[in-house]
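Here's the letter readout for the chains.
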Amino acid sequence: MNINDKEFVKEVTSQAVDFSQWYLDIVLKTEMMDYAPIKGCMAIRPYGYAIWENIQQLLDRRIKETGHKNAYFPLFIPESLLEKEAEHVEGFAPEVALVTRGGNEELAEKLVVRPTSEAIICEMYARWIQSWRDLPLLINQWCNVVRWEKNTRPFLRTSEFLWQEGHTVHATEEEAQEETLKMLGVYQDLLESELAIPVIPGQKTEKEKFAGALRTYTIEALMADGKALQAGTSHNLGQHFAKVFEIKFQDKDDELKYAWTTSWGVSTRLIGALIMVHGDDRGLKLPPRVAPIQVVIVPIIGKKSKDEVLRRANEVAAGLRSINIRVELDDREGYSPGWKFNQWEMKGVPLRLEIGPRDLENKGVTAVRRDTGEKSFLLDQDLSAQLPLLLQNIQDSLFEHALKFREQKTYRPQDYGDFKEALDEKKGFMLAHWCGDARCEEEIKAGTKATIRCIPFDSDPKDKGPCLFCQKEGRPVYFARSY
RNA sequence: CGGGGCGUGGCGCAGUUUGGGAGCGCGCCUGGUUUGGGACCAGGAGGCCGCAGGUUCAAAUCCUGUCGCCCCGACCA
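Note that the coordinates shown come from a computational prediction; the quantities given were computed from them, not determined experimentally.

## Some details on the domain arrangement of chain A
According to the domain assignment, chain A contains domain 1 (19-278), domain 2 (295-390) and domain 3 (410-480). Placing a centre on the C-alpha atoms of domain 2 and another on those of domain 3 gives a separation of 49 Å.

Written as structure tokens, this is what we have:
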């Protein structure tokens, strides 16, 4: 039997049996999170939080490199502020948590727990901006937000979640648009080069756009069960918020003008994406760039060789640390090597090194990849040169694997019947023409539960065809059932 | 908010039909033997059976209510 076919992890439901249960088993058993005693809320445990910290670090660097600064705004938003932008309040009202009391007193004005911070931030921006010289204003904040969700799932949709939200102000529409697309590009780069998740960037339809936005852009990823996940969004807010919050500036031509704002965010949902894009029946498969532990060393301790093996294992660990590899030496006693192998595979550690008497004799270590199960023997003298390459190789092949999967799962249905059949039987993305009419979009959703994930940027302008629903001429868009 | 399911040591469950000892497996603790794909032996700790009422000589079990969680749908990062 091939090692990959053996059922090592008995506690985890198979993806094929019940994908949703598989997901829940994984997040609990790898100790990424635990349910908290509040509906829809979770405790993010150290192993899950370490992934978030890695994502934060990789993204924060990019946010700063593109000229943004971090700041922090209040958790509470006076209800009247949230209500200023009509579409915005309509979009978020059903899911806000309200604070009505402070201490022993009823509040004169109720406070919304931020579901997103446009309102409070724009309120502050109006005070800070007077001249074109104050622009662009480029700020990001890392924080938690609360949305009272009816249907929650760990990491994918929780009542409270962690994210970053960038909020920028510009003098011109063109600049705001450029910013909106630039940050979408940053997200795409983050996902593809760090999380090894290929995404489709594009624009959201009117129906799917952010409440209060002029235009919303998105990166869409495909999960292993064929459902799409919105992994990040970037909004051109036009002058909607500037007008209601009075963000005005005096331009070079002396005229007082309303500014243009944008906002963009990604959340802890990305952790859910990592799990569902790369994971398999044996557990997580973490890309080395975000894995809390990149290399785990499992010493094979025999009675006679114990001291020698442990000494060598410690040496190897120290050597890897010195070249900035995140390494863990699992020298726990009382667990057999086989048990540890399974444990660390479930936790998705990209590479395992086994060091036992045989390896000592051969002056090397045995390396086993989590993604392919491939075993190799590395000489001690080659370790510091080989391991970074091996990790990069794993990173690349995870991305390639996910990309190939997405390509195989992207169909071009001929007609509506074909579309419905493919959705049910093959799942995945359906690239089909759409006339642009919201009514067709609505009908398709009602009939199939599939939504337009995005209008992709990269489609050929000459690619025209009959709308999936009404047959009028349209352009290609991605449909899918989604999380 | 609709439909379904579940609440019994840390986890997974049996026991509830037909009321009367709170049990099993895993995990945990101690000691010993082990260690190249989830080791073994011996001893041990741990639960007012989600909560509140009620029926009864007696309730995990029957009745009423209530709370929570999970899954699937309608709405959303």
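## Some thoughts on the layout of surface pockets
Remark: the empty space left among the atoms is shown by a probe the size of a water molecule rolled over them. Here the largest pocket defines a volume of roughly 1,400 Å³. Those elements giving two or more residues to the lining of the largest pocket turn out to be helix 1 (19-29), helix 4 (86-92), strand 8 (160-170), strand 11 (228-236) and strand 14 (260-267). For the lining of the largest pocket, the residue count by class is 14 nonpolar, 16 polar and 18 charged.

## Points about the packing of aromatic side chains
Counted under the stated rule, the structure contains 15 aromatic pairs. With a centroid separation of 6.0 Å and 35° between ring planes, the pair formed by Phe73 and Trp128 is classed as tilted. Here the residue Phe73 occupies a position in the loop between strand 3 (69-70) and strand 4 (76-78), and Trp128 occupies one in helix 5 (residues 118-128), the gap between them amounting to 55 residues. Accessibility expressed as a relative area gives 3% for Phe73, which makes it buried. Their ring planes at 35° and their centres at 4.3 Å tell us that Tyr335 and Trp339 sit as a pair that is tilted. Residue classification places Tyr335 among the partly exposed positions, given a relative accessible area of 37%. When its relative accessible area of 36% is taken as the criterion, Trp339 is described as partly exposed. Here the basic side chain of Arg332 rests over the ring of Tyr335, its NZ or CZ set 4.6 Å away from the ring centre.

## Overview of the protein's contact with RNA strand B
In the vicinity of RNA strand B, 48 residues are found, and the nearest of them are Lys39, Arg157, Gln230, Trp339 and Asp359. By atom count, sugar and phosphate contribute 46% of the portion of RNA strand B lying within 4 Å of the protein. A distance of 2.6 Å separates a sugar or linking oxygen of RNA strand B from a polar atom in the side chain of Arg269. Interatomic distance of 3.2 Å between a side-chain N/O atom of Gln343 and a base nitrogen of RNA strand B. When contributions to the surface near RNA strand B are tallied by element, the ones reaching two or more residues are helix 1, helix 10 (337-346), strand 17 (351-355) and helix 11 (357-362). For the surface near RNA strand B, the leading source of residues is helix 10, giving seven residues. Of the residues belonging to the surface near RNA strand B, the class tally is 16 nonpolar, twelve polar and 20 charged.

## Examining the pairing of strand 22 (residues 451-456)
For strand 22, the tally of buried residues reaches six of six residues, placing the bulk of the element in the interior. Where strand 9 (residues 200-203) lies against strand 22, two bridges are found, and the strand directions are antiparallel. Residue pairing in the sheet places Gly202 in a bridge with Pro456 of strand 22. Where strand 22 lies against strand 24 (residues 473-480), three bridges are found, and the strand directions are antiparallel. Looking at strand 24, one finds that Ile452 is bridged to Phe479.

## Some words on the packing of helix 13 (residues 416-425) against helix 14 (residues 438-448)
It is the contact of helix 13 with helix 14, at a shortest axis distance of 11 Å, that shows an interaxial angle of 45°. Judged by the angle between their axes, helix 13 and helix 14 are oblique. Pair helix 13 / helix 14 crosses with right-handed handedness. Judged by residue contacts, Tyr416, Phe419, Lys420 and Leu423 of helix 13 engage Glu443, Ile444, Gly447 and Thr448 from helix 14. Broken down by class, the residue content of the contact of helix 13 with helix 14 amounts to four nonpolar, two polar and two charged.

## Some words on the side chain of Glu220
Structurally, Glu220 is set in strand 10 (residues 215-222). Given a relative accessible area of 0%, Glu220 falls into the buried group. A polar side-chain atom of Glu220 sits 2.9 Å from a polar atom in the side chain of Lys204. Look past the residues within four positions of Glu220 in its chain and what remains in contact with it is Pro198, Val199, Ile200, Lys204, Ala228, Leu229, Gln230, Phe429, Arg453 and Cys454.

What counts as what
- Residues numbered from 1 in each chain as written.
- Chains lettered and ligands numbered in written order.
- Predicted model: local features only at pLDDT ≥ 70, side-chain atom pairs only at ≥ 80, totals over all residues.
- Heavy atoms only, no water.
- Domains from an automatic or database assignment.
- 1 Å grid on protein atoms, 1.4 Å probe; cavity = no way out; pocket = protein on both sides within 12 Å on 5 of 7 lines; lining within 4 Å.
- Points joined across faces, edges and corners; volume = space filled by probe spheres on them.
- Helix = DSSP H or I, 4+ residues; strand = E, 2+ residues; numbered from the N terminus.
- Nonpolar A, V, L, I, M, F, W, Y, C, P; charged D, E, K, R; others polar.
- Phe/Tyr/Trp six-rings, centres within 6.5 Å; stacked < 30°, edge-to-face > 60°.
- Buried < 20%, exposed > 50% of the residue type's maximum accessible area, 1.4 Å probe, protein only.
- Lys NZ or Arg CZ within 6 Å of the ring centre and 35° of its normal.
- Near = heavy atom within 4 Å.
- Polar contact = N/O pair within 3.5 Å; in protein donor to acceptor, adjacent residues only side chain to side chain.
- Pairing = 2+ DSSP bridges.
- Axes fitted to C-alpha atoms, helices over the stretch in contact; angles between N-to-C directions.
- Parallel < 35°, antiparallel > 145°, perpendicular 65-115°, else oblique.
- Left-handed = near helix turned anticlockwise from the far one by under 90°.
- Contact = heavy atoms within 4.5 Å.

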